[in-house]
Amino acid sequence: MTSSKRHGRCLCGAVTFKITGKLRNVLVCHCSQCRRSSGHLWAATAAPVEAIEIDCQNTLSWYRSSSKAKRGFCRRCGSSLFWQLDGSTSMSVAAGSLDVPTGLSTQEHIYCDDASDYYTVNADELIRMGTETVIE
Ligand SMILES: [Zn+2]
Ligand SMILES: [Zn+2]
């Protein structure tokens, strides 16, 4: 966890946002939904919903990606920006949409069993980061 104010935006800039306070370190998700949504894998930080101030003019759209979660994206450029579990007080935010330096580091790779077959998740890297992982 690290604190301060962060800024982020989509590729075209039609959706911008500010996050105040602490952010979770980054989780890299290899699940099939993140895979299809992002085109590869989805790396996300997270923050309480009330800490995220989104500035857009009807350019942020939400897609119900499963029975329990939705994904927010820019209607103009298609950037994948947010993920929120129904009823959750926090929201995931695409780590790559944040301005650098983010001050964050990658914490964990998740749903590695769901990863596509054209790459391997580097287990050594996970160990080096000293994090727990869901890989068996
Ligand atoms: Zn955009
Ligand atoms: Zn995922």
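Here we summarise the structure given alongside this text. In this text the structure is predicted, and so the values were computed from the model without any measurement.

### A closer look at the coordination of the zinc ion (ligand 1)
Part 1 of the argument: Surrounding the zinc ion (ligand 1) are the protein donor atoms C10 (SG), C12 (SG), C74 (SG) and C77 (SG), which sit 2.3 to 2.4 Å from the metal.
Part 2 of the argument: The site at the zinc ion (ligand 1) holds 4 donor atoms, and with the angles between them running 107 to 112°, its shape is tetrahedral.
Part 3 of the argument: In the primary sequence, the donor residues of the zinc ion (ligand 1) line up as C-x1-C-x61-C-x2-C. Residue C10 is located in the loop between β1 (5–9) and β2 (15–20), and its partner C77 is located in the loop between β7 (69–74) and β8 (80–85); the two are separated by 67 residues in the primary sequence.

### Section: unusual backbone geometry
Part 1 of the argument: Following V100, the chain continues into P101 via a peptide bond in cis, with omega recorded as 0°.
Part 2 of the argument: Relative to the elements of secondary structure, P101 occurs in the loop between β9 (90–94) and β10 (106–110).

### Quick look at the coordination of the zinc ion (ligand 2)
A four-donor tetrahedral metal ideally has 109.5 degree angles, and a six-donor octahedral metal ideally has angles of 90 or 180 degrees.
Part 1 of the argument: Here the zinc ion (ligand 2) is held by C29 (SG), C31 (SG) and C34 (SG), and the distances to it run 2.1 to 2.3 Å.
Part 2 of the argument: Site description for the zinc ion (ligand 2): donor spacing in sequence, C-x1-C-x2-C.
Part 3 of the argument: Exposure remark for C34: the relative accessible area of 5% places this residue in the buried category.

Calculation criteria
Residues numbered from 1 in each chain as written. Chains lettered and ligands numbered in written order. Predicted model: local features only at pLDDT ≥ 70, side-chain atom pairs only at ≥ 80, totals over all residues. Heavy atoms only, no water. Donors = N, O, S within 2.8 Å, 3.2 Å for Na, K, Ca; no water. Tetrahedral: all angles 85-135°; square planar, octahedral: opposite > 155°, others 65-115°. Helix = DSSP H or I, 4+ residues; strand = E, 2+ residues; numbered from the N terminus. Buried < 20%, exposed > 50% of the residue type's maximum accessible area, 1.4 Å probe, protein only.

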